[in-house]
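Commentary on secondary and tertiary structure
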Amino acid sequence: MNTHEEGPETLSKTQRKKAMGELQMLGEELVELSADRFRKIDLPEDLRAAVENARRMTRHDEARRRQIQYIGKLMRHVEVEPIRAALAEVRGESAGLTAMLHRLERLRTALLADEKVLHEIATLYPSVDLQHLRSLRRAALKEQEQGKPPRSYRAIFQLLKEIGDETSGVPADNAA
């Protein structure tokens, strides 16, 4: 009989296999991410190298399956919750991220409706280039008027998002 325990409670063999399967699925999700999204996730070096090796395996064969198992094994010794949170954010499941994006959309809509919102944006984000934002606003209104694709409309959103990421703040709802 084995006397050493893995934690405060011993897990049954079924529970351990289920947990290992979940870690492998998490590892496979890391492998399937696009390269730029994968780079944004903070991982230990050995786990990052294992995932990158699996990413280079183009065929879904036995070698890739074993590599995914190895990734799952490595993940047993890593704090998994930050990885799960990062993957949830990548999938767009983060409630905070979703709320921030909705606030940015409302801010953009308010900006297009009234140019005075520029001053509110300037107080929220002192580093914003107001001249560039003003020109994007004019171009977006012109695109809407002429029925053209909303390039400037999207550019406003991206600009607000980048500025929000830089300041790591979220615009207030009073702009909407």
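What counts and what doesn't
Residues numbered from 1 in each chain as written. Predicted model: local features only at pLDDT ≥ 70, side-chain atom pairs only at ≥ 80, totals over all residues. Heavy atoms only, no water. Buried < 20%, exposed > 50% of the residue type's maximum accessible area, 1.4 Å probe, protein only. Helix = DSSP H or I, 4+ residues; strand = E, 2+ residues; numbered from the N terminus. Arc of directions from axis to C-beta. Core = buried A, V, L, I, M, F, W, Y, C linked by side-chain atoms within 4.5 Å. Contact = heavy atoms within 4.5 Å. Salt bridge = Lys/Arg side-chain N within 4 Å of Asp/Glu carboxyl O. Lys, Arg positive; Asp, Glu negative; His and termini not counted. Patch = residues over 30% accessible without salt bridge, like charges linked within 9 Å, V, L, I, M, F, W, Y side chains within 5 Å. Areas by Shrake-Rupley, 256 points an atom, 1.4 Å probe, with all protein chains shown as cover. Charge placed at Lys NZ, Arg CZ, Asp CG, Glu CD. Phe/Tyr/Trp six-rings, centres within 6.5 Å; stacked < 30°, edge-to-face > 60°. Lys NZ or Arg CZ within 6 Å of the ring centre and 35° of its normal. Axes fitted to C-alpha atoms, helices over the stretch in contact; angles between N-to-C directions. Parallel < 35°, antiparallel > 145°, perpendicular 65-115°, else oblique. Left-handed = near helix turned anticlockwise from the far one by under 90°. Nonpolar A, V, L, I, M, F, W, Y, C, P; charged D, E, K, R; others polar.

**Some points on helix α7 (residues 117-124)**
Turning to α7, its buried residues number three or more, namely Val117, Leu118 and Ile121. Each buried residue of α7 sits inside an arc of 105 degrees when the element is viewed along its axis, so together they form one side. Looking at α7, the residues exposed on the side facing more than 90 degrees away from the buried face are His119 and Thr123.

**Some remarks on the nonpolar core**
In terms of nonpolar packing, the biggest core is built from 20 residues, with Leu30, Leu47, Ile71 and Ile83 touching the most fellow members. Mapped onto this core, the elements with two or more residues apiece are α1 (13-32), α3 (45-56), α4 (62-75) and α5 (81-90). In this structure Ile83 touches Leu26, Leu30, Leu43, Leu47, Met75 and Val78, once residues within four positions along its chain are discounted. Core analysis: the second largest hydrophobic core is formed by 19 residues, Leu104, Leu112, Tyr125 and Val128 among them.

**Quick word on the pattern of salt bridges**
Scanning the model with the defined rule gives 6 salt bridges in all. Between Glu32 and Arg64 there is a salt bridge, with its nearest N and O atoms 2.7 Å apart. Taken together, the residues span a long stretch of sequence, with Glu32 in helix α1 and Arg64 in helix α4 at a distance of 32 residues. Ionic pairing is found between Glu62 and Arg65, a salt bridge with its closest N-O pair at 2.3 Å. Of this pair, Glu62 and Arg65 are both found in helix α4, 3 residues apart, which corresponds to roughly one turn of the helix. According to the relative accessible area criterion, Glu62 is partly exposed, its value standing at 41%. We classify Arg65 as partly exposed; its relative accessible area is 40%. Within the structure, one salt-bridge network assembled from shared partners comprises Glu115, Arg134 and Arg137.

**As for the side chain of Glu143**
Along the chain, Glu143 turns up in helix α8 (residues 130-146). It turns out Glu143 is buried and unbridged, and the closest side chain with the opposite charge, Arg151, is 5.9 Å from it. If near-sequence neighbours (up to four positions away) are discounted, Glu143 is found in contact with Lys148, Pro149, Pro150, Arg151, Ser152 and Tyr153.

**Observations regarding a positive patch on the surface**
On the surface, Lys142, Lys148, Arg151 and Arg154 cluster together into a positively charged patch. Position of Arg151 relative to the elements: it lies in helix α9 (residues 151-167).

**With respect to the packing of aromatic side chains**
For the structure on display, the rule yields 0 aromatic pairs. The ring of Phe38 is capped by Arg48, whose NZ or CZ atom sits 4.9 Å from the centre of that ring. The residue whose ring lies beneath Arg108 is Tyr153, and the NZ or CZ to ring-centre distance is 3.8 Å.

**Quick notes on the packing of α1 against α4**
The geometry of α1 relative to α4 is characterised by a closest axis approach of 8 Å and an angle of 115 degrees between their N-to-C directions. When the axis of α1 is compared with that of α4, the two are roughly perpendicular. The handedness of the crossing between α1 and α4 is right-handed. Residues Leu23, Gln24, Leu26, Gly27, Glu28, Val31 and Glu32 of α1 form the contact with α4, whose participating residues are Arg64, Ile68, Gln69, Ile71, Gly72 and Met75. Split into classes, the residues belonging to the contact of α1 with α4 amount to 6 nonpolar, 4 polar and 3 charged.

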